[in-house]
Amino acid sequence: MGIGELDREAHVPEVTGAAAAPRTLAEALRARGDEGLAALLRARPDLLSPVPNDLTQLATRAGTRGSVVRALERLDRFALQTAEALAVGPDPTPYPVLLALLTGDEGDPGIEAALPGAVALLREQALVWGEDDRLRLVRTARELLAPSAQHPSPTGLGPTVAEATSGMSPGRVQEIIAAAGLPATHDPVSAVAALTELFTDRARMGALLDSASPEALAVLDRLVWGPPYGEVTANPAPPVSWLRDRGMLLPVSARTMVLPREVALHLRGGRAHRAPEPVPPELGVSREYRPQVVDSAAAGQAHVALATVEELLKSWDRGGPQVLRAGGLAVRDLKRTAAALDVTEETAAFWLELCYGAGLLASDGEADERYAPTPAYDHWLDLPPAERWALLVTPWLSATRTPGLVGGQDTKGRTLAALGPDLDRAPAPEVRHRVLALLATLAPGSAADPETLFARLRWERPLRGAAQAASEGDGAGVPDLRSRLARWTLAEAELLGLTGRGALSGPARALLNLPLAEAAEATAPGGGVELSVAAERAATLLAPLLPEAVDHVLLQADLTAVAPGPLRRPLGDALAVLADVESKGGATVYRFTPGSVRRALDSGLTASDLHEFLKAHSRTPVPQPLAYLVDDVARRHGHLRVGAASAYVRCDDDTVLGEILADRRSASLGLRRLAPTVLAAQTDPASLLDGLRSMGYAPAAESAEGDVLVTRADAYRTPARTAPVPVPDGPPAPDRTLLGAAVRAIRAGDRAATVVRKEPAAVPSAAGALPRTSAAETLATVQAAAMTGSAVWIGYVNADGAASQRVIAPVRVEGGFVTGYDHTADEVRTYPLHRITGVAELADDQV
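Reading guide: rules and limits
- Residues numbered from 1 in each chain as written.
- Predicted model: local features only at pLDDT ≥ 70, side-chain atom pairs only at ≥ 80, totals over all residues.
- Heavy atoms only, no water.
- Helix = DSSP H or I, 4+ residues; strand = E, 2+ residues; numbered from the N terminus.
- Buried < 20%, exposed > 50% of the residue type's maximum accessible area, 1.4 Å probe, protein only.
- Contact = heavy atoms within 4.5 Å.
- Areas by Shrake-Rupley, 256 points an atom, 1.4 Å probe, with all protein chains shown as cover.
- Salt bridge = Lys/Arg side-chain N within 4 Å of Asp/Glu carboxyl O.
- Pairing = 2+ DSSP bridges.
- pLDDT = per-residue confidence, 0-100.
- Expected span 1.5 Å × (residues − 1).
- Arc of directions from axis to C-beta.

Chemist: What should I look at first to understand the overall build of the protein in this one?
Modeler: Of the regular secondary structure elements, the protein holds 35 helices and 25 strands. For the protein, buried positions account for 47% of its 847 residues. Sequence separation of at least 24 residues holds for 65% of the intrachain contacts in the protein that already meet a minimum separation of 6. Within the structure as shown, the protein displays about 40,000 Å² of accessible surface, and the carbon and sulfur contribution to it stands at 54%.

Given below as structure tokens:
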């Protein structure tokens, strides 16, 4: 912003009238009430950092490029189209002219009804100021939205006649107006004005176009809705020459012509936009279900989500994959995780990021860094299922990490890894909540049509998705980031059980605190109540919908066990050691194998323990094949003993050791006989155990004392970790208390900056300079003000030598200090008298 713009928009005139039209943006802000200023600061929180000293500084900050860009990105499509129309209109623009630019010659009742609201929104956000007869778009917004060769406008309009002819010779301008049938003028300025007047006169312009050939009109038709630029040859065709000679095409360079804005508006019937959109697209319904069906489907998926998270973290219970040097999970590890969970890699990345965002998964921070569950995971396991679900979805609502980006590339062409850096997208929480809020506007049980949902989001923030995708470079070929975030949100909400069959569930409505009548106005997670309270309410609604945990299984003769529902935790943990999961679903099927039984024996259980466990937890008799399997594995378990020599094998039956030596598969173990019952190995005990087990034996590890070494699967945990903090999307929205304090401070500073004061008669001061009064005069004036309770204007220099002007109301003067209420700081302060350079009484009309 230039100096001239600051002077026009932020300069404070010396005399203002309450009824006078504002001449600057600062004056327009000064005429607002406290609620109006609070609405501006609420809509544009970046203006509060730090709190402006006065309204002049607030107006200046509101016109800076960065702040204006942020404000424009948060406009809906019609408000943005209104601002674009103001950018191509005259400055200032009367309201009727703005209306004509949006409705055209034919008019549009819908636009006429919506335009006052759009103008009010632009005024509230200090993008537009002035009365209806003199609407002004702030200079920075005009520069951003006005058409130019470097930055085409969405209106498709080009430069005005005056702008396009600014570098043209006076003789050429006279030739153009002569060809257009206009009388010659004495200067190029009046010639351009005459040509502009011709192009804006509907009757005369229509007559001029009637004389054009169909080929010339076809050329105009190709340019009328933009882009307005076209290339021509050195010897243009007669239709182009005819248009060029009459100024309906003006040269930009030797080979490029442009259609002037006035000509395009005439051809368009006065409309700045081809398709104004005064109302948002209607949200369509794809299917309708009974609410009970939706809640049941959502609860079933919520149960699957809890089981998936538990299965994932249990598989990493003894330490997960290593962390890449650049951070994140290797592609091969993501593939293994997806295969283990029986999901796609994209879905596996979502579950990993969900656990990471909830603080259940992190890196251990060791030299050989690995991923592992956190101590919070153990606490999470002890909670009821509904509460565990709430602890997963609550951080998901506000998370900025975006699993959908995994597998894509960053701006430097590097692949984005799951759990790695560069996955944060600041708009993600806003989009997630807005998608769910839009779903809540539909009747319970109604599933939204995704395409209409995406169209609605594009209408609400037309600039935001495209601008961020362009700046981040992660959406090649897909410019609308918000649509991709919305698509991922729908898929993730279904995986979490927030939606069932595409419709929002009852627990999700409680979590978002979005009653049907208020859903459209909701703009923040929690809807104005504590999110923890809403999460507790959602968990209460979900709890009776989740399947109850069972304490038994059904043993089958084919060495399988069927769990008719989710197993209670001790039973499920024990059965996971004794058997392998064969299939999942409504009923989980476990299969008993020699390896799984040996795993249970290795954990310290005996054969009798296993028989008692199966008998106690089976609703059917223990099948004979399963009992035989347990006894057979137990009989051979521990028959061989492995210890550390490097390693050795001992067995009371020397024929068994002879069989091992004769087996070709034992060659890699480097075995040799030390004694009839002892073999020495050239490998470590763990490898020796694995090798013998792969040969079909069931060895047991042995301690240095010769006892069987019981190996338990002790869980590995990271140190205490905090969940990742979301990346803020700009400054946080201020609360009511901060807004009230900021408005009071700005008002106080503005009063100090604009107050009219009396100049001391004894020592005159230069205009605008700090007053200079003697110490005696200063003391006498502040003492008098303290006695009468009036306010005075002082010049003050602090300990750092910085000079400032303040308005104070002295209440006590003693010991070389004056204490009083500082209107500038809006608080009581004490100032040393020797640092007050001068004092002046306020003018009578300011007291």
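Chemist: Is there a simple way to explain the pattern of salt bridges in this structure?
Modeler: Pairing is possible between side chains that carry opposite charge, provided their charged atoms lie close to one another. Enumeration according to the criterion identifies 37 salt bridges in this entry. As a salt-bridge pair, Arg74 and Glu430 come within 3.8 Å of each other at their nearest N and O atoms. Placement of the pair is Arg74 in the loop between helix H5 (65-73) and helix H6 (77-88) and Glu430 in helix H22 (residues 428-441), with a sequence separation of 356 residues. Look at Arg74 and you get partly exposed, because its relative accessible area is 30%. By sharing partners, the salt bridges in this structure join Arg74, Glu430, Arg461 and Arg482 into a single network.

Chemist: Where do I start with the sheet that holds strand S13 (residues 560-563) in this structure?
Modeler: For sheets, the rule is that strands pair by backbone hydrogen bonds, running either parallel or antiparallel. With antiparallel pairing, the 4 strands of this open sheet are ordered in space as S12-S13-S15-S14. In the strand order of this sheet, the two ends are held by strand S12 (554-555) and strand S14 (580-583), each with one partner. When S13 meets strand S15 (residues 588-591), the two strands line up antiparallel, connected through 4 bridges. For Ala561, the partnering residue across the bridge sits in S15 and is Tyr590.

Chemist: How should I be thinking about the confidence of the model for the protein in this particular structure?
Modeler: When pLDDT drops low, the exact placement of atoms in the prediction is not to be read closely. The share of residues in the protein with pLDDT of 70 or more is 89%, and the mean pLDDT across the chain is 85. In the model, residues 467-479 has pLDDT below 50 throughout and makes 22 contacts with residues more than four positions away in sequence or in other chains. Confidence drops under pLDDT 50 across residues 761-768; counting only partners more than four residues distant or on other chains, this segment forms 6 contacts.

Chemist: I keep staring at the pairing of strand S21 (residues 792-797) and nothing clicks. Help me out?
Modeler: Every regular strand shows the same layout, with side chains that alternate between the two sheet faces. The buried count for S21 comes to 5 of 6 residues, which makes it a mostly enclosed element. Across 6 bridges, the pairing between S21 and strand S22 (residues 803-814) is antiparallel. Each bridged residue has a counterpart across the sheet, and for Gly795 the counterpart in S22 is Gln805. The antiparallel pairing of S21 with S22 creates a hairpin that spans 5 residues between the two strands, and Gly801 there sits at a positive phi of about 85°. Bridge count for S21 against strand S25 (residues 836-841) is 5 bridges, and the pairing is antiparallel.

Chemist: Looking at this structure, I do not really get helix H35 (residues 775-788). What am I missing?
Modeler: Helical periodicity: at 3.6 residues per turn, an α-helix aligns residues three or four positions apart in one direction. The end-to-end C-alpha distance of H35, which contains 14 residues, comes to 20 Å, matching closely the 20 Å that a straight helix rising 1.5 Å per residue would cover. Listed as buried for H35 are Thr778, Val782 and Ala785. On an axial view of H35, the arc spanned by its buried residues comes to 60°, and they lie on one face. Seen from the open side of H35, the exposed residues pointing more than 90 degrees away from its buried face are Ala776, Met787 and Thr788. Gly789 sits one or two residues past H35 and shows a positive phi near 75°.

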